[in-house]
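# Tertiary structure, described
Next come the chains, spelled out residue by residue.
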Amino acid sequence: MTVPTASADTAGTADAHEGVIRYWAAAKAEAGTGEEPYRAATLQQALDAARQRHADRPGFARVLSLCSFLVDGDPVGTRDHAGVALAEGGTVEVLPPFAGG
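Right, let's walk through the structure included here. All figures in this text were calculated on a predicted structure; none of them were measured in a lab. (Residues numbered from 1 in each chain as written. Predicted model: local features only at pLDDT ≥ 70, side-chain atom pairs only at ≥ 80, totals over all residues. Heavy atoms only, no water.)

## Looking at the overall build of the chain
Broken down by element type, the chain carries 4 helices and 5 strands. Helices and strands in the chain line up, N terminus first, as α-β-α-β-α-α-β-β-β. In the chain, which comprises 101 residues, the proportion classed as buried is 39%. A total of about 5500 Å² of accessible surface is found on the chain, and carbon and sulfur atoms cover 54% of it. (Helix = DSSP H or I, 4+ residues; strand = E, 2+ residues; numbered from the N terminus. Buried < 20%, exposed > 50% of the residue type's maximum accessible area, 1.4 Å probe, protein only. Areas by Shrake-Rupley, 256 points an atom, 1.4 Å probe, with all protein chains shown as cover.)

## Re the nonpolar core
Ranked by internal contacts, the top residues of the largest apolar core, which has 21 residues, are I21, Y23, L43, F69, L86, V92 and V94. Put simply, the parts of the chain that give this core at least two residues each are strand 1 (17-23), helix 2 (25-31), strand 2 (35-40), helix 3 (43-53), helix 4 (58-66), strand 3 (68-71) and strand 5 (90-95). Contact partners of V92, with chain neighbours within four places excluded, come to V20, I21, R22, Y38, L43, F69, L70, V71 and L86. (Core = buried A, V, L, I, M, F, W, Y, C linked by side-chain atoms within 4.5 Å. Contact = heavy atoms within 4.5 Å.)

## Concerning the pairing of strand 3
Alternating residues of strand 3 divide into F69 and V71, all buried, and S68 and L70, none buried. Across 4 bridges, strand 3 lies against strand 5 in antiparallel orientation. Bridge pairing in strand 5 links F69 to V94. Examined bridge by bridge, strand 3 and strand 4 (residues 74-75) share 2 bridges and lie antiparallel to one another. Across the sheet, L70 pairs through a bridge with P75, a residue of strand 4. Joining the antiparallel neighbours strand 3 and strand 4 is a turn of 2 residues, in which D72 adopts a positive phi near 50°. (Pairing = 2+ DSSP bridges.)

## Focus: helix 3
Residues of helix 3 that are buried: L43, A46, L47, A49 and A50. Down the axis of helix 3, the sector holding all buried residues measures 160°, keeping them to one side. If you follow the buried residues of helix 3, they end up packed against strand 1, strand 2, helix 4, strand 3 and strand 5. (Arc of directions from axis to C-beta.)

## So, the packing of aromatic side chains
Evaluated as defined, the whole model comprises 1 aromatic pair. Each ring, one from Y23 and one from F60, has its centre 5.7 Å from the other, and the planes form 80°; the classification is edge-to-face. On the criterion of sequence distance, the pair formed by Y23 in strand 1 and F60 in helix 4 is long-range, its members being 37 residues apart. Judged by relative accessible area, Y23 falls into the buried class, the value being 2%. Among the residues examined, F60 registers a relative accessible area of 1% and is labelled buried. (Phe/Tyr/Trp six-rings, centres within 6.5 Å; stacked < 30°, edge-to-face > 60°.)

Quick look at the structure:
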């Protein structure tokens with residue numbers, strides 16, 4: 001399987017890692033898939049690449065802007081996505097807001 005790169009800047013760098021982005025609820029609906037691979041060094045790079053892949057789905061970027069993220073099970077919270085490092089074989093969970101807690 002070919003893994004999309006985050007950008008030309010990270011495609012050939014040693015710090016880019018491969019992993020999986022998992023989409024839930026409205027994010028899954030907007031992405032048109034439950035999961036897809038990433039190749040990126042940071043959460044920001046992975047999300048930027050996802051936005052580019054789904055540029056033909058205008059609701060995707062909007063939903064993504066409302067989501068919370070878990071990286072390898074840890075909440076990202078309000079941290080800058082550019083500073084959240086991704087690990088080889090890691091998982092990014094994309095969690096849209098939902099009613100009922």
